[in-house]
Amino acid sequence: MLYTVIKKNLFQDSVSLMLLTNHLSAIDGVNQIQVMMGTPANKDIFKGSGLYTDELEDASPSDLCIVVNSDDEGIVDKVVEETDEYLSNQSSESQQSSISVVRTWEMAGNKLPNADVAMISVAGEHAAAEANKALDRDLNVFMFSDNVSVSDELQLKQRAQEKGLIVMGPDCGTGILDGVPMAFANVVDKGNIGIVGASGTGIQEVSTIIGRNDGGVSHAIGTGGRDLSSEIGAITTIRGLQVLDQDAETDIIVYISKPPAPEVREKVVNVFKTLSKPVVAVFIGDKPKAAHDNVHYTWTLEDTALKALELSKGNKASADRIIADNQDDLNKMKETKQQYVKGYFCGGTLAYETAMILEDALDLDTTGKHTEGMMLHVEGHEVIDLGDDQYTQGRAHPMIDPTLRIEKVEEAAKDPETAVILLDNVIGYGAHEDMAGVFAPVVQEAKEEAAKVGKTFVAIASVTGTADDPQVYQDQVDKLEAAGIIVTESNAQATKLAAEIVKYVKGEKTIATNVDQQSNENDKVAELIASKPRVINVGLKSFSEAVLEHGGEVVQYQWAPIAGGNKRLAKILEKLK
Amino acid sequence: MNYQSIDEANQGVIQHVLESQPFLLDVVPAKSVISELNGKVLLHSGPPMKWENMTDPMQGSCIGASLFEGWADNEDDAKKMLEAGEVKFIPCHSVDAVGPMGGITSANMPVVVVENKVNDKRAYCNLNEGIGAVLRFGAYSDEVVNRLKWIKDVLGPALSKALKQIDGGMNVNVTVAKAITMGDEFHQRNIAASALFLKDIVPYLLTAGLPEKELQEVVKFLADTDQFFLNIMMATSKVVMDSAAVVEEGSIVTALSRNGYEFGIKVSGLGDRWFTAPVNTPDGLYFSGYSADDANPDMGDSAITETYGVGGMAMIAAPGVTRFVGTGGFGDAVQTSDEMREICIANNPNLAIPTWDFQGACLGIDIRKVVETGITPVINTGIAHKTAGVGQIGAGTVRVPLGCFEQALEALAEKYGVTAE
């Protein structure tokens, strides 16, 4: 029996209605069904499929016509219900993912023109060819694939070297580039420890221990296990060490491998000696040798991580990074000849320590007159212990009453010669309940005032205290940092940093990143680690997702062998240019 | 070789495409412009074809055309005549023409004349008959034949009179550029272009001195026929791609076509040769009561539109028809056009697609890229019933078989003296 439903003035396009027809055909009890607009041509189609009814005669092209053939009249209600539901809910679910998928190198280049690394995980027999295509395009290579011949590996690494690129791998299981995990990597906070490793799980073990102990990793460069063989001669290892040495984010370099061939080991250790940053090296399985130059040897992966953490917290090199981060300000200070440190302390011993370190670091000629709280007063440098009796007469100790220190800071900020203002912040029971909360706005305002006359200065502080103190160590640090104050791990570090800054603005010090910026144009590896990687992922799609999730850019190259693996056609294609 | 490399030759091909200035000049009887049609001759779609290899719908179209031309009075006689080999078959493509589905075109059927003003090349295509039971899908009932006669006697002459009033003819590029921004991809969907055509032609129809009844019929027919522009687009694509084929070098596809038996392609560097492989059957949506089992294998010269970079290649231009592919969301349409871009060497700036961030439609299918990636062009197509006389039963997409490209690549290797050794 044929049943007809006409829905007046309900226009739907024919594709929707064909889909709807398919959908309704599946209802139990429907023998046959057709849903179409009531155009003359469609009425013919109803006739052609034996579903024409007289009711269709009056249907207009803007009427939705449903004709159902069923043995059960009750089915009509069901059909109408399903139709209404379908039409009101027909936004198709799109399968689009946020990762672009391409099928050729050319298109990958179009989608991500500034790509800087290709991650390759295709089968080993094809991996070298794809890596060469990546090098053709001046891309660094992260090669997850294994089963690549030694001769191919050597060719790729030599070629990369000539072009100022790096080939990580083959058989490189893991890496972290500017906080973005590559292949099998753990999520570790960003920090100042850089890793070069010939062992994937070694990198993972060390980086996760660092992460669990509140440290962080700047970059982890996997080299592939064979990089240390005599044939390859540590090409990638050496490049990795050098690039981390130049990297402003990295203060400590960790090196992880199994013991390599003796001559290669010697080569690598010689590179260690040329680096400006401390190296923590583990040759897994070898008893650690005595430390020399800037190099510390460890026995286990855990030792390695812990040693690196220790160094990362009290590290001289971090001055370079801070200078690099504040270079614009510091260069301005160079021009305005702001060269002096002003330190206002509430802790007498801290003030004394600062004076001592500055004298030494800046080679100041002092006769050591530490009277009336004035710990240092040479040229424009000034370090005062505001807790000295001289200053506490008639008022509370500066650990409780910050009034005088605020005045001093404001004064120093206006002094045209001030480069750095140094502060301590001693917390604990009895101390001011929120010294950081007081100084944060003072410093911020002083900076804004200075900016009005085209000036700037650097504020550095350390916090003496613990997480269990009532003021809570980290809360104080956070407040200071939020106001643009650099907070160091200790007063000694704060002072050393101040001294380095003074040396820099006096032109007595240059930093590695300065040099970098000039040579960066050709150093595509430095460029690679200087910002979040932009990856063409050739192979396993899951690697793309991790890159994207951590702020990298990525294009998924859905790789397939050329000409479906037909070698003859592939060969023709190669020649037919 | 006039070019330093295949890539350079291919750029030459693209240049010719981009410089083309197609204009719709006239609508005339096919025999007046295609001399081969004088006699018992029928044009068909795709590569050369024998009667015995034709699928039912194409044979049905031949029967319909024989009745239309008056070569036979009834179906049986027509069939006997055709089986006896009395009618000569020529591919449309061989005589500067293209035809949709069966592509069957006979002497007295009107064809559109599209000329490339740059080189005076012309191409022809018959007129769209509307949908349902129509000759191109293999239907040949009295209704079908009578409509063909009306097209010959009324529609064709009316359009001719209108077009002749437009100095230099109607600029097709203008209509196409507008319509692609209105959601047409020019194969599955031509409603915007058809409406624009109607809008542009009506003033001239009004001044063509037509009897009022004929005027009404013609306007009504054009208003009802959403795909009317498809045939104009086919002739346009043909003349543009033939203009590009004069380069006679390179690896760009200049024709895609199928006859229900074979899919054939032509390549810029390989002249007039067809490279063929067994045709696929479309994947799509069907009218009620029909399924993939009823579908005729793919046919028609309409894939010339994909050669020009529209149709399935420009899927993203027509969100309204995207559900013919895959699950059919917008993302799939993007993906389809993105995928097609992989096998093309350029984008056509004259055909900027709003939904594709105004990227131009894909242009220049490179057979090397097709073979390299295994990605074959997507064709948007109608689906004919495999039995003659039923007509259209659905629409969908079909892929060009890879074999065509592999053979063409081998031929290209031979031409350029390249071996696999």
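Rules of the game
- Residues numbered from 1 in each chain as written.
- Chains lettered and ligands numbered in written order.
- Predicted model: local features only at pLDDT ≥ 70, side-chain atom pairs only at ≥ 80, totals over all residues.
- Heavy atoms only, no water.
- Helix = DSSP H or I, 4+ residues; strand = E, 2+ residues; numbered from the N terminus.
- Rg over C-alpha atoms; globule rule 2.2 N^0.38 Å.
- Buried < 20%, exposed > 50% of the residue type's maximum accessible area, 1.4 Å probe, protein only.
- Contact = heavy atoms within 4.5 Å.
- Areas by Shrake-Rupley, 256 points an atom, 1.4 Å probe, with all protein chains shown as cover.
- Lys, Arg positive; Asp, Glu negative; His and termini not counted.
- Charge placed at Lys NZ, Arg CZ, Asp CG, Glu CD.
- Core = buried A, V, L, I, M, F, W, Y, C linked by side-chain atoms within 4.5 Å.
- Pairing = 2+ DSSP bridges.
- Axes fitted to C-alpha atoms, helices over the stretch in contact; angles between N-to-C directions.
- Right-handed = clockwise from strand over helix to strand, strands pointing away.
- Buried area = accessible area lost by both parts, 1.4 Å probe.
- Salt bridge = Lys/Arg side-chain N within 4 Å of Asp/Glu carboxyl O.
- Polar contact = N/O pair within 3.5 Å; in protein donor to acceptor, adjacent residues only side chain to side chain.
- Nonpolar A, V, L, I, M, F, W, Y, C, P; charged D, E, K, R; others polar.
- Phe/Tyr/Trp six-rings, centres within 6.5 Å; stacked < 30°, edge-to-face > 60°.
- Expected span 1.5 Å × (residues − 1).
- Patch = residues over 30% accessible without salt bridge, like charges linked within 9 Å, V, L, I, M, F, W, Y side chains within 5 Å.
- Domains from an automatic or database assignment.
- Parallel < 35°, antiparallel > 145°, perpendicular 65-115°, else oblique.
- pLDDT = per-residue confidence, 0-100.

Caption draft 1: Just the overall build of chain B, in detail. Regarding its fold elements, chain B presents 13 helices and 16 strands. For chain B, the C-alpha radius of gyration of 20 Å lies close to 22 Å, the compact-globule estimate for 421 residues. Overall, the C-alpha framework of chain B stretches about 60 × 50 × 45 Å when taken along its three principal axes. Out of the 421 residues belonging to chain B, those deemed buried represent 65%. Within chain B, counting contacts between residues at least 6 apart in sequence, those at least 24 apart form 72% of the total. Carbon and sulfur atoms make up 48% of the accessible area of chain B, which totals about 13,800 Å². Counting 31 positive and 52 negative side-chain charges, chain B places the centres of these two groups 5 Å from one another.

Caption draft 2: Region of the structure containing the nonpolar core. Ranked by size, the top nonpolar core spans 109 residues in total, and within it Leu155(B), Phe197(B), Leu222(B), Leu256(B), Ile265(B) and Phe405(B) carry the most contacts. Ranked by the residues each element gives to this core, the list is headed by helix H9 (residues 228-245) of chain B, at 11 residues. Apart from residues lying up to four places away in sequence, Leu256(B) is in contact with Phe263(B), Gly264(B), Ile265(B), Asp301(B), Ala303(B), Ile304(B), Glu306(B), Thr307(B), Ile365(B), Ile379(B), Val400(B) and Phe405(B). Counting 42 residues, the second-largest nonpolar core is a separate cluster that includes Ala198(A), Phe272(A), Tyr297(A) and Ile529(A).

Caption draft 3: Structural detail: the pairing of strand E1 (residues 22-29) of chain B. Residue and element names in this part refer to chain B. By the criterion of burial, E1 is predominantly enclosed, with seven of the eight residues buried. The pairing of E1 with strand E5 (residues 110-116) spans seven bridges and is classified as antiparallel. Bridging from a neighbouring strand, Val28 pairs with Val111 of E5. As paired elements, E1 and strand E7 (residues 170-171) share two bridges and run antiparallel to each other. Bridge pairing links Phe23 to Asn171 in E7.

Caption draft 4: Quick peek at the sheet that holds strand E21 (residues 534-538) of chain A. Residue and element names in this part refer to chain A. Strand order in the open sheet formed by six strands is E4-E22-E21-E5-E6-E7, with parallel pairing between adjacent strands. The outermost strands of the open sheet, each flanked by one partner alone, are strand E4 (100-102) and strand E7 (167-168). Judged from the three bridges that link them, E4 and strand E22 (residues 553-557) form a sheet pairing that is parallel. Note that in E22 the partner of Ser100 across the bridge is Val555. Along the sheet face, helix H5 (residues 124-136) touches strand E5 (117-120), strand E6 (140-143), E7 and E22 and points at about 160° away from the line of E6. Its contacts with the sheet place helix H21 (residues 541-549) against E4, E5, E21 and E22, and it is angled at close to 170° to E22.

Caption draft 5: Focus on the pairing of E22(A). Residues and elements named next belong to chain A. With respect to burial, E22 is a largely interior element, four of its five residues being buried. Examined bridge by bridge, E21 and E22 share five bridges and lie parallel to one another. In the strand pairing of E22, Asn537 is matched with Gln556. In this fold, the crossover linking E21 to E22 by way of H21 has right-handed handedness.

Caption draft 6: Spatial organisation of the interface of chain A and chain B. Taken together, the 44 residues of chain A in the interface contact 43 residues of chain B. Buried surface at the junction of chain A and chain B, summed over both partners, amounts to about 3,700 Å²; 58% is from carbon and sulfur atoms. The tally of links from chain A across to chain B stands at four salt bridges. Between Arg568(A) and Glu410(B) there is a salt bridge, with its nearest N and O atoms 2.8 Å apart. Our count for the contact surface shared by chain A and chain B stands at 13 residue pairs in polar contact (both at pLDDT 80 or more). When residues of the side of chain A that touches chain B are traced back to their parent elements, those giving at least two are helix H1 (14-25), strand E2 (30-37), helix H2 (40-48), E4, helix H4 (105-111) and helix H22 (567-575) of chain A. Here the side of chain A that touches chain B is built from residues that sort into 19 nonpolar, 15 polar and 10 charged.

Caption draft 7: Molecular detail of the packing of aromatic side chains. Applying the stated criterion across every chain, the model contains 11 aromatic pairs over all chains. The interplanar angle of 55° and the centroid separation of 5.2 Å between the aromatic rings of Trp150(B) and Phe221(B) together place this pair among those described as tilted. Residue Trp150(B) is located in helix H5 (residues 142-164), and its partner Phe221(B) is located in helix H8 (residues 212-224); the two are separated by 71 residues in the primary sequence. For Phe221(B), a relative accessible area of 12% puts it in the buried group. Centre to centre, the rings of Phe221(B) and Phe228(B) are 6.5 Å apart; their planes meet at 90°, and the pair counts as edge-to-face. A relative accessible area of 2% places Phe228(B) in the buried class. In this structure an aromatic cluster arises from ring pairing among Tyr255(A), Phe272(A), Phe283(A) and Tyr297(A).

Caption draft 8: How the structure looks around the pattern of salt bridges. All names here are of chain A. Under the criterion given, the structure shown has 41 salt bridges over all chains. Across the pair Lys479 and Asp434 runs a salt bridge, and its minimum N-O distance is 2.9 Å. One end of the pair, Lys479, is in helix H17 (residues 473-482); the other, Asp434, is in the loop between strand E18 (418-426) and helix H16 (435-452), with 45 residues separating them in the sequence. Here the salt bridges do not stand alone but share partners, grouping Glu153, Lys157, Arg226 and Asp227 into one network.

Caption draft 9: Geometry of helix H10 (residues 301-313) of chain A. Residues and elements named next belong to chain A. Relative to the 18 Å expected for 13 residues at 1.5 Å per residue, H10 spans 19 Å between its end C-alpha atoms, a close match to the ideal helical length. Of all the residues in H10, the buried ones are Thr304, Ala305, Ala308, Leu309, Leu311 and Ser312. In the core, the buried residues of H10 are packed alongside strand E10 (193-197), helix H7 (200-212), strand E12 (252-257), strand E13 (279-283) and strand E14 (295-297).

Caption draft 10: Here's a closer look at the sheet that holds strand E16 (residues 374-378) of chain A. All names here are of chain A. Read across the open sheet, the six strands follow the order E16-E17-E15-E18-E19-E20; overall the sheet is mixed. At either end of the open sheet lies a strand with only one pairing partner, and these are E16 and strand E20 (486-488). Neighbour-to-neighbour, the strand axes of this sheet turn through a mean angle of 15°, independent of strand direction. Against the sheet, helix H15 (residues 403-414) makes contact with strand E15 (340-345), strand E17 (381-385) and E18, and its axis sits at roughly 160° relative to E18, the strand it touches most.

Caption draft 11: Region of the structure containing the side chain of Glu82(A). All names here are of chain A. Secondary-structure assignment places Glu82 in helix H3 (residues 75-88). For Glu82, a relative accessible area of 17% corresponds to the buried category. Discounting chain neighbours no more than four positions away, the residues touching Glu82 are His23, Leu24 and Ile27.

Caption draft 12: Spatial organisation of a negative patch on the surface. A cluster of acidic residues, Asp71(A), Asp72(A), Glu73(A), Asp77(A), Glu81(A) and Glu85(A), forms a negative patch at the surface. Residue placement: Asp72(A) occurs in the loop between strand E3 (64-70) and H3.

Caption draft 13: Local environment of unusual backbone geometry. Gly169(A) connects to Pro170(A) through a cis peptide bond whose omega is 5°. Along the chain, the position of Pro170(A) falls in the loop between E7 and strand E8 (174-177). Backbone geometry at Met101(B) places phi at a positive 50°, although glycine is not the residue there. Looking at Met101(B), the relative accessible area reads 5%, which means it is buried.

Caption draft 14: Quick peek at the domain arrangement of chain A. Splitting chain A by domain gives domain 1 (2-96), domain 2 (172-313) and domain 3 (326-506). Summarising the inter-unit geometry, the C-alpha centres of domain 1 of chain A and domain 3 of chain A are found 81 Å apart.

Caption draft 15: Molecular detail of the packing of H5(A) against helix H6 (residues 150-162) of chain A. Residue and element names in this part refer to chain A. At their nearest, the axes of H5 and H6 sit 10 Å apart, and the two run at 5° to each other. Put simply, H5 runs roughly parallel to H6. Seen from H5, the contacting residues are Ala128, Ala131, Asn132, Leu135 and Asp136; seen from H6, they are Asp152, Gln155, Leu156, Arg159 and Ala160. Residues that form the contact of H5 with H6 fall into these classes: five nonpolar, two polar and three charged.

Caption draft 16: Quick look at the environment of Ile427(A). Residue and element names in this part refer to chain A. Its place among the elements puts Ile427 in the loop between E18 and H16. C-alpha separation for the pair Ile427 and Gln246, spaced 181 residues apart in sequence, amounts to 37 Å. Once residues lying within four places of it in the same chain are set aside, the contact partners of Ile427 are Val463, Thr464, Gly465, Thr466, Asp469, Gln471, Val472, Tyr473 and Gln476.

Caption draft 17: Structural view of the confidence of the model for chain A. Summary statistics for chain A give a mean pLDDT of 88 and a share of 95% for residues scoring 70 or more. Note on residues 513-520 of chain A: pLDDT under 50 across the span, and 10 contacts to partners over four residues away in sequence or across chains.

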